[in-house]
Amino acid sequence: MPSADPRISSGNTGLDAVLRGGLPANRLYLVEGAPGSGKTTLALGFLMAGRAQGENTLYITLSETGEELNAVAASHGWDLAGIEVFELASAEAVLAPGRDQTILHSWEAELDGTIKMIEGVVERVEPRRVVFDSLSEMRLLAQDPLRYRRQVLALKQFFAGRRSTVLLVDDQTSSAGERDAHLHSLCHGVISLERLTLDFGAARRRLQVQKLRGVDFSAGYHDLAIRTGGIEVFPRLVAAQHHAAFVGDPVGSGVAELDALLGGGPLRGTCTLLSGPAGTGKTTLALRYLAAACDRGEAATIYEFDERIGTLMVRAAAMGLDLQKHVDAGLLVIRQLDPAEIPPGEFAAMVRGEVEQRRSRIIAIDSLNGYLTAMPQEHQLVLQLHELLSYLNQQGIVTLLVSPQQGLVGTMATGNLNISYICDAVILLRFFEADGRLRKAISVLKNRGGPHEDAIRELRIDGHGIRVGEPLSGFRGVLTGTPEYLGSQAPLMEDRDLGA
């Protein structure tokens, strides 16, 4: 059921997307979370959005001092000028000089006096947006749970009809981190922020809208990051909401023999898995497709979890791929990512930016092992990756996934993550032995987009680029890590003159 209240911005673009338009105005909301989860930063952004609209805004702080609030704002390059800050400790010093706050002071009188001062400043400022920080101090003043809840209800009734949108901030310290069901029922909406400490790497933060009466919103967890300039929320990707019309034509690599393996190349709107042990040429194949796309004038992007950009560029140049000219032309973007520092939600947002803003038509992820490191919980990783690949497929993007296999020779495994069922095509690379020499073989295991070769061909990569040889027969142990070639030597490729 759509809300009858006008929507106002929360001050955060990502959160507004989660809320599908912002917060219904003139209501009371709860922002809860442990210390360090980003509540104060989110609240300040909410007030600054109101200030930008010319609204009166009020920050009521029972926990932090005005100096501390200004320090938080300064860390983001913000100026709180124009935002009324009511600091309880300073107000008490003015209104009741010489009064000592001790454990002998009446808690009931203390709480009543606090509420009256808050009501007085609200009547004076007449704010359209209010932040009340925090409810934990009110719990301490009330001492009694019933009295505390009655005061919160009184606050809600006080703001009702005043055309004020109120954020109640709760750091949950006084409730041992437990959610207050009664408080949730009083508020029109509840936004929960969490800070997760992993075994290694930066802390992860996420957000969840627990409830929002009468309004459809994006449920579930959404990753967020606190950076200079405020909080950046990354709404959870839902692939079904992002379908675009496209023609599923094959995309060539510029190497005719390689394209023939897949009946012309990977189709637009499909995902291709490049699998094999280290050193077989998986990344080089991906780069060949990216370079061919750039040669056609299409934008392309590769995400590097494993290899340094400098090393990648040098290696590509040694194999006849001039990636620098495409980078300089703005067609190719190479992004190096640290899996210990980036949550999967942010990665999905980065990919969406490349597709929707840069119009990138081919995306490569090198490698899935690095992506796995970014999400320790394997079952969640598969769901995240499945949604991301579904989104790319519906946008008509050619996706290349590099998946190193464990081990170099002998029986090999695909690692802890088996995503071959998600991919539309699988290209397998292997080492094989022939004539006392270690060579590379390439074959296609599956192709949902159409027919594909079932032959095994030799793959050679040198300073002139990629070569794919004639079909080979006479193998023994094809499905092992190092098949042995016992056939004729005629189809095998030899070194070519690099000086030619």
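Scoring rules and cut-offs
- Residues numbered from 1 in each chain as written.
- Predicted model: local features only at pLDDT ≥ 70, side-chain atom pairs only at ≥ 80, totals over all residues.
- Heavy atoms only, no water.
- Disulfide = S-S within 2.5 Å.
- Axes fitted to C-alpha atoms, helices over the stretch in contact; angles between N-to-C directions.
- Helix = DSSP H or I, 4+ residues; strand = E, 2+ residues; numbered from the N terminus.
- Parallel < 35°, antiparallel > 145°, perpendicular 65-115°, else oblique.
- Contact = heavy atoms within 4.5 Å.
- Nonpolar A, V, L, I, M, F, W, Y, C, P; charged D, E, K, R; others polar.
- Left-handed = near helix turned anticlockwise from the far one by under 90°.
- Pairing = 2+ DSSP bridges.
- Salt bridge = Lys/Arg side-chain N within 4 Å of Asp/Glu carboxyl O.
- Buried < 20%, exposed > 50% of the residue type's maximum accessible area, 1.4 Å probe, protein only.
- Arc of directions from axis to C-beta.
- Core = buried A, V, L, I, M, F, W, Y, C linked by side-chain atoms within 4.5 Å.
- Phe/Tyr/Trp six-rings, centres within 6.5 Å; stacked < 30°, edge-to-face > 60°.
- Lys NZ or Arg CZ within 6 Å of the ring centre and 35° of its normal.
- Lys, Arg positive; Asp, Glu negative; His and termini not counted.
- Polar contact = N/O pair within 3.5 Å; in protein donor to acceptor, adjacent residues only side chain to side chain.

Participant: Break down the state of the cysteines for me, with residues and values.
Facilitator: Per the counting criterion, the structure on display carries 0 disulfides. C271 takes part in no disulfide bond, and the closest cysteine sulfur, belonging to C423, lies 3.6 Å away.

Participant: Report on the packing of helix α10 (residues 282–295) against helix α11 (residues 309–318), specifying residues and quantitative values.
Facilitator: Look at α10 against α11: their axes get within 11 Å of each other, and the N-to-C directions meet at 80°. With respect to α11, the axis of α10 lies roughly perpendicular. Facing T283, T284 and L287 of α10, the residues of α11 in contact are L312, R315 and A316. Its residues assigned to classes, the contact of α10 with α11 comprises 3 nonpolar, 2 polar and 1 charged.

Participant: So what's going on with the packing of helix α6 (residues 135–142) against helix α7 (residues 145–159)? Which residues, and what values?
Facilitator: Orientation of α6 relative to α7, taken along the N-to-C sense of each, is 130°, at an axis distance of 9 Å. Here α6 lies oblique to α7, going by the angle between them. When you trace α6 past α7, the crossing you get is right-handed. Residues L135, M138, R139 and A142 of α6 touch α7, and the partners they reach there are R147, Y148, Q151, V152 and L155. Residue composition of the contact of α6 with α7, by class: 6 nonpolar, 1 polar and 2 charged.

Participant: For the sheet that holds strand β7 (residues 165–170), give the residues involved together with the corresponding values.
Facilitator: Taking strand neighbours across the sheet as the criterion, the 9 strands line up as β5-β4-β6-β7-β3-β8-β9-β10-β11 in an open arrangement whose pairing is mixed. The sheet is open, and its two borders are formed by β5 (84–87) and β11 (230–234), each paired with just one other strand. For this sheet, the mean angle separating the axes of adjacent strands, direction not counted, is 20°. Relative to β5, strand β4 (residues 57–61) is paired through 4 bridges, and the arrangement is parallel. Directly across from L58, in β5, lies its bridge partner E84. Against the sheet, α6 contacts β3 (28–33), β6 (129–133) and β7, and its axis sits at roughly 70° relative to β7.

Participant: Provide a residue-level description of the pattern of salt bridges, including the pertinent values.
Facilitator: Going through the model one piece at a time under the given rule, you end up with 21 salt bridges. Put simply, D249, R268, R296 and E298 are held in one network by salt bridges that share partners.

Participant: Go over helix α3 (residues 66–75), please, and point to the residues and values.
Facilitator: Among all positions of α3, only G66, L69 and A73 are buried. Within α3, the buried residues cover an arc of 60° as seen down the axis, which keeps them to one side. Summarising the geometry of α3, the exposed residues directed more than 90 degrees from the buried face are E67 and A74. Residues of α3 that are buried in the fold lie against α2 (39–52), β4 and β5.

Participant: Help me get a handle on the pairing of strand β19 (residues 456–462), residues and values and all.
Facilitator: Counting buried positions over the 7 residues of β19 gives 6, a clear majority of the element. Looking at chain direction, strand β18 (residues 437–447) and β19 are connected through 3 bridges and run antiparallel. Residue A441 lies in a different strand from β19, and its bridge partner there is E458. What sits between the antiparallel neighbours β19 and strand β20 (residues 465–472) is a turn of 2 residues.

Participant: Break down the nonpolar core for me, with residues and values.
Facilitator: If you look at the biggest cluster of nonpolar residues, it comprises 36 residues, and the most contacted ones within it are L258, L287, L323, I362 and I442. When residues in this core are grouped by element, the largest group, 8 residues, is from α10. Aside from chain neighbours lying at most four places away, what touches L323 is L287, A291, M313, A316 and L332. One finds L15, L47, M48 and I231 within the second-largest nonpolar core, a separate group that totals 33 residues.

Participant: Describe the packing of aromatic side chains, naming the residues involved and giving the relevant values.
Facilitator: A complete count under the given rule lists 3 aromatic pairs for this structure. A centroid spacing of 5.3 Å and a plane angle of 75° characterise the contact between F158 and F159, whose relative ring orientation is edge-to-face. The pair formed by F158 and F159 is uniform in burial state, with each residue classed as buried. Aromatic side chains F305 and F347 sit 5.4 Å apart centroid to centroid with 65° between the ring planes, which places their arrangement in the edge-to-face category. With a gap of 42 residues between them, F305 in the loop between β13 (299–304) and α11 and F347 in helix α13 (residues 344–356) connect regions that are remote in the sequence. Members of the aromatic cluster, joined through ring pairs, are Y303, F305 and F347. Just above the ring of F46 sits the side chain of R129; from NZ or CZ to the centre is 4.7 Å. Taking NZ or CZ as reference, R206 lies 3.5 Å from the ring centre of Y221, over its face.

Participant: If you had to explain the side chain of D223 to someone new, which residues and values would you point to?
Facilitator: Along the chain, the position of D223 falls in strand β10 (residues 221–227). Buried and unpaired, D223 has no salt bridge, with R206 as the nearest side chain of opposite charge at 6.5 Å. A distance of 2.7 Å separates a polar atom in the side chain of D223 from the backbone nitrogen of G345.

Participant: Outline the environment of G82, listing residues and values.
Facilitator: Structurally, G82 can be placed in the loop between α3 and β5. Between the C-alpha atom of G82 and that of G54, which follows or precedes it by 28 residues, the distance is 9.4 Å. With near-sequence residues (within four places) excluded, G82 lies in contact with R51 and T57.

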